[in-house]
Amino acid sequence: MAFSNGVSVLLIALVMSSLMAACAGSFYQDFDLTWGDHRAKIFNGGQLLSLSLDRTSGSGFQSKKEYLFGRIDMQLKLVAGNSAGTVTAYYLSSQGPTHDEIDFEFLGNLSGDPYILHTNVFTQGKGNREQQFYLWFDPTRNFHTYSIVWNPQRIIFLVDNVPIREFSNAESIGVPFPKNQPMRIYSSLWNADDWATRGGLVKTDWSKAPFTAYYRNFNANACVWSSGSSSCSSRSTNSFKDSDWQTQELDGWSRRRLRWVQKYYMIYNYCTDLKRFPQGLPPECRRSRFL
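The name given to the protein chain in an unreviewed UniProt entry is Xyloglucan endotransglucosylase/hydrolase, with the source organism recorded as Nelumbo nucifera. Under the UniProt heading Function (unreviewed entry), the note attached to the protein chain is "Catalyzes xyloglucan endohydrolysis (XEH) and/or endotransglycosylation (XET). Cleaves and religates xyloglucan polymers, an essential constituent of the primary cell wall, and thereby participates in cell wall construction of growing tissues." Quoted verbatim from the Sequence similarities (unreviewed entry) field of UniProt, the annotation for the protein chain is "Belongs to the glycosyl hydrolase 16 family."

Okay, here's the thing in structure tokens:
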């Protein structure tokens, strides 16, 4: 894998991370610890959150607010060492059998082997749109920023402000797009050793427990949903420091970065899995190779 092109990416990432840190809120204000008892913790005056997993239970949290479109940023430092069998999930989701969902899932691995970043998009209860990546850094050594840009035209997944995936609105060819159901932000750390690492061949080593992931610098530049309406409907987004996400698309630089990631770091793409779809690839796959 070539890393020479990644130098400028890392420099930009450092700048973006420092800017995001400046506008981060408090986990006490923004999130509820929803399960796991003492395994989920908020500390450092609300600036740091941790989730832990042991043999008894994992843990999780969710946002107090619901959002309908926006840019969501969070910095994570993943479980270090032997993380095989563990999954750290960070995602947006609505509720119900026809829910929408936008997923980051980090699949742990044996010490020295890379994490797998698993992404998926659910619309009207239907997923099966997986893309998986290795990362160009060790996500356990330092915090890195994982972002979702969600507007009526597209969803963009970013890592340290580098786009890794774009899912465009393809309603014109019959593909549902998440645009009507408000979503909360969720995260959880849990045991999935029946499938997470090499298809379940590698099990969780409980002698290494507890497994812990850390979160900081959350920022939601987004439309808040409350009492059946969006804060954006009253044009309150005009007061946001940055509302570019509302019409954000990939420019030339961003599309080159996307091609770089998908060339060197993508390890699975449902849009190229002909064996999985013998009757033909999903329609959005035929529309664009970058979906």
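So, next bit.
S.K.: Just to check I follow, could you spell out the overall build of the protein chain for this structure?
M.R.: Counting its regular elements, the protein chain contains four helices and 16 strands. Buried residues in the protein chain amount to 55% of all 291 residues. Contacts in the protein chain between residues far apart in sequence, at least 24 positions, make up 66% of those at least 6 positions apart. Per element, the accessible surface of the protein chain, about 13300 Å² overall, is 50% carbon and sulfur.

S.K.: Just to check I follow, could you spell out the pairing of strand E7 (residues 101-107) for this structure?
M.R.: Remember that side chains alternate between the two faces of the sheet whenever the strand is regular. Burial analysis of E7 places seven of its seven residues in the buried class, which makes it a mostly covered element. Neither face of E7 is open: one carries Glu101, Asp103, Glu105 and Leu107, the other Ile102, Phe104 and Phe106, and all of them are buried. Here seven bridges tie strand E6 (residues 86-93) to E7, and the two strands are oriented antiparallel to one another. Bridge pairing in E7 links Thr88 to Phe106. Two elements, E7 and strand E8 (residues 116-122), share seven bridges in a ladder whose sense is antiparallel. Within E8, the residue paired with Ile102 across the bridge is Val121.

S.K.: Is there a simple way to think about the packing of aromatic side chains in this case?
M.R.: Here the distance between the centres and the angle between the planes together describe a pair of aromatic rings. Summed over the entire model, instances satisfying the criterion amount to 18 aromatic pairs. Judged by centre distance (5.6 Å) and plane angle (40°), the ring pair of Phe27 and Phe31 falls under tilted. Here Phe27 and Phe31 have matching classes, each one buried. The interplanar angle of 85° and the centroid separation of 5.4 Å between the aromatic rings of Phe104 and Phe157 together place this pair among those described as edge-to-face. Taken together, the residues Phe104 in strand E7 and Phe157 in strand E11 (residues 154-159) connect sequence positions 53 residues apart.

S.K.: Is there a simple way to think about the environment of Tyr264 in this case?
M.R.: Summarising the element assignment, Tyr264 is placed in helix H3 (residues 252-264). For the pair formed by Tyr264 and Trp136, sequence separation is 128 residues and the distance between their alpha carbons is 9.1 Å.

Each value, and the rule that gives it
- Residues numbered from 1 in each chain as written.
- Predicted model: local features only at pLDDT ≥ 70, side-chain atom pairs only at ≥ 80, totals over all residues.
- Heavy atoms only, no water.
- UniProt positions renumbered as here; feature names shortened; annotations may be inferred.
- Helix = DSSP H or I, 4+ residues; strand = E, 2+ residues; numbered from the N terminus.
- Buried < 20%, exposed > 50% of the residue type's maximum accessible area, 1.4 Å probe, protein only.
- Contact = heavy atoms within 4.5 Å.
- Areas by Shrake-Rupley, 256 points an atom, 1.4 Å probe, with all protein chains shown as cover.
- Pairing = 2+ DSSP bridges.
- Phe/Tyr/Trp six-rings, centres within 6.5 Å; stacked < 30°, edge-to-face > 60°.

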